[in-house]
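Fold and geometry: a report
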Amino acid sequence: MSSEVQNLFETYARLLDADRLEDWLDLFVDGCHYEILSRENVAQNLPLSLMLCDSKDMLVDRVMSLREANIYNIHVDCHILSFLHVEEIEGVIKAGCNYAVFQSNQEGESRLFSVGRYQAEIIRQHGVLRFKKMRIVVDTGAVLTLLATPL
Amino acid sequence: MSSEVQNLFETYARLLDADRLEDWLDLFVDGCHYEILSRENVAQNLPLSLMLCDSKDMLVDRVMSLREANIYNIHVDCHILSFLHVEEIEGVIKAGCNYAVFQSNQEGESRLFSVGRYQAEIIRQHGVLRFKKMRIVVDTGAVLTLLATPL
Amino acid sequence: MSSEVQNLFETYARLLDADRLEDWLDLFVDGCHYEILSRENVAQNLPLSLMLCDSKDMLVDRVMSLREANIYNIHVDCHILSFLHVEEIEGVIKAGCNYAVFQSNQEGESRLFSVGRYQAEIIRQHGVLRFKKMRIVVDTGAVLTLLATPL
């Protein structure tokens, strides 16, 4: 199971980096929950999230609006993922890993954009693993105003 | 065995990033050796280490002094680990991997803090893998004066 | 097979970081192809590569010239590799992963040097996996003028 979970995260990152956002949506179940929070807020138990889609429709809308209202900085992402922590509790797989996302601009300059941790809940649907919940806790709260594309 | 070693490193990094230093201590056997060296010193065969605890008691003391004399810069760490190299020689597992540690300050700004390589000796004790020796060879010698928490 | 591919990439990175370039050459088959391209060029289907060795002899020459004409900046590399994507098509293994390379200078200062993606073709020769093709697509086009040692 562990390598299957790893493949799911690998696909998640690869599709984002290739700007294949529509394919990336397929990795989520219908009643999914996608949320980005700063570590500071999580530590203080503050509910404010920086990006929140609590259904797949909202996530689809988000991607569609990125395609149509393309006013954010053009960049490419490069996700680097660290070792996975996986545990299964009553049929739900909980998996987490640290990430670093680097962004490169059109001049080919790369910089660290965000570090933090993925905390996912994963279920099996029609034989394949899909994200039911993706919660991203971001250490790099300072640049979150620049957040446009999903992490 | 390889995935068990990977889990040990994953736990090591996750506990440090969550500031669970007391739990992190449990990953070491009693007669453990924990050492941080700069790559430059290793290359020149100079014995000077930047942090050296050659028993578990010293490591416990180190954590306790961090808790009590909290005068270092408040930050959170994010460890990113690369592929593991694992070999077993006469019952001792030797395992190594590159790491990058990013630090985020209280303003939510993240930066590269240190890159280098973990070189560990691991034994099985009471059925679980534990670190007997952790040697960290640091490429980033320049910032080691800022070193307070374990890498 | 997947863990064997991972070991090959791990060895690739470890030998480069240890400046063991001659041993690193052993990871390639005779009729190998090694190429570094910028992501921008790939997207526009431009054939210009930033480093191109289309036989093992050329790769050997490249390493030899690095040893003899040592006029580039002295540095050490640290490769961090992300999750692998592996598929086998008619006996050829195609494998890819994102990477981040950090360079540290002689003052012990580390910085992000390059991020991008390895895209490899791997075959089994005399029982072991070797690179038949290594194509490195680099997001960080800006610093490629500084490129001397292999990525």
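Residues numbered from 1 in each chain as written. Chains lettered and ligands numbered in written order. Predicted model: local features only at pLDDT ≥ 70, side-chain atom pairs only at ≥ 80, totals over all residues. Heavy atoms only, no water.

Moving on, we come to the packing of aromatic side chains. Considering all chains together, one arrives at 36 aromatic pairs over all chains under this definition. Between Tyr12 of chain B and Tyr118 of chain B, the ring centres sit 5.4 Å apart and the planes meet at 75°, which makes this aromatic pair edge-to-face. Taken as a pair, Tyr12 of chain B in helix α1 (residues 2-17) and Tyr118 of chain B in strand β6 (residues 110-125) lie far apart in primary sequence, 106 residues in all. The pair formed by Tyr12 of chain B and Tyr118 of chain B is uniform in burial state, with each residue classed as buried. Following the ring pairs from residue to residue traces out a cluster consisting of Phe9, Tyr12, Trp24, Phe28, Tyr34, Tyr99, Tyr118 and Phe131 of chain A. (Phe/Tyr/Trp six-rings, centres within 6.5 Å; stacked < 30°, edge-to-face > 60°. Helix = DSSP H or I, 4+ residues; strand = E, 2+ residues; numbered from the N terminus. Buried < 20%, exposed > 50% of the residue type's maximum accessible area, 1.4 Å probe, protein only.)

Turning our attention to the pattern of salt bridges. Applying the stated criterion across every chain yields a total of 24 salt bridges over all chains. Notably, a salt bridge pairs Arg67 of chain B with Glu22 of chain B, separated by 2.8 Å at the nearest N-O pair. Here Glu22 of chain B lies in helix α2 (residues 21-25) and Arg67 of chain B lies in helix α4 (residues 56-68), a separation of 45 residues in the sequence. By relative accessible area, which is 32% here, Arg67 of chain B ends up partly exposed. Members of the salt-bridge network, linked through shared partners, are Glu10 and Arg14 of chain A together with Arg117 of chain C. (Salt bridge = Lys/Arg side-chain N within 4 Å of Asp/Glu carboxyl O.)

Taken as rigid bodies, chain C and chain A are interconverted by a rotation of 120° and an axial shift of 0.0 Å, the fit giving an RMSD of 0.0 Å. Interpreted geometrically, this transformation is the action of a three-fold axis. Minimal C-alpha distance to the rotation axis in chain C is attained by Ser82 of chain C, lying at 3.9 Å. (Least-squares fit on C-alpha atoms with pLDDT ≥ 70 in both.)

Bringing the interface of chain C and chain A into the picture now. At the junction of the two partners, chain C supplies 20 residues and chain A supplies 23 residues. Summed over both partners, the interface of chain C with chain A buries about 1,600 Å², with 59% contributed by carbon and sulfur atoms. Contact with chain A buries surface across chain C, with Arg39, Phe83 and Asp139 of chain C losing the most and accounting together for 38% of the total. For the interface between chain C and chain A, the tally reads one salt bridge. A salt bridge links Arg117 of chain C to Glu10 of chain A, with the nearest nitrogen and oxygen atoms 3.7 Å apart. Inspection of the region where chain C meets chain A yields nine residue pairs in polar contact (both at pLDDT 80 or more). At the level of elements, α3 (39-43), β3 (76-81), β5 (92-104) and β6 (110-125) of chain C are the ones that each hand at least two residues to the side of chain C that touches chain A. (Contact = heavy atoms within 4.5 Å. Buried area = accessible area lost by both parts, 1.4 Å probe. Polar contact = N/O pair within 3.5 Å; in protein donor to acceptor, adjacent residues only side chain to side chain.)

With that out of the way, let us pick up helix α1 (residues 2-17) of chain A. An α-helical segment advances 3.6 residues per turn. Residues three or four places apart therefore align on the same side. Here α1 of chain A contains 16 residues, and its C-alpha end-to-end distance of 23 Å stays within 8% of the 22 Å for a straight helix at 1.5 Å per residue. Along α1 of chain A, the residues classified as buried are Val5, Leu8, Phe9, Glu10, Tyr12, Ala13, Arg14, Leu15, Leu16 and Asp17 of chain A. (Expected span 1.5 Å × (residues − 1).)

Across the boundary between the two partners, chain C contributes 23 residues, which contact 20 residues of chain B. Summing both sides of the interface, chain C and chain B together bury roughly 1,600 Å²; the carbon and sulfur share of this comes to 59%. Taken together, chain C and chain B are joined by one salt bridge. For the interface between chain C and chain B, the tally reads nine residue pairs in polar contact (both at pLDDT 80 or more). Of all elements in the fold, only α1 (2-17), β3, β5 and β6 of chain C reach the threshold of two or more residues within the side of chain C that touches chain B.

Residue and element names in this part refer to chain C. Relative to strand β7 (residues 128-138), strand β1 (residues 28-38) runs parallel, the two sharing seven bridges. Within β7, the residue paired with Glu35 across the bridge is Arg135. As paired elements, β6 and β7 share ten bridges and run antiparallel to each other. Its bridge partner lying in β7, Gln125 is registered against Val128. What sits between β6 and β7 in their antiparallel hairpin is a turn of two residues, with His126 showing a positive phi close to 50°. (Pairing = 2+ DSSP bridges.)

Residues and elements named next belong to chain A. Checked against the element boundaries, Gln125 lands in strand β6 (residues 110-125). Take Gln125: its relative accessible area is 31%, and that puts it in the partly exposed class. Along the chain, Gln125 and Gly108 lie 17 residues apart, while their C-alpha atoms are 40 Å from each other.

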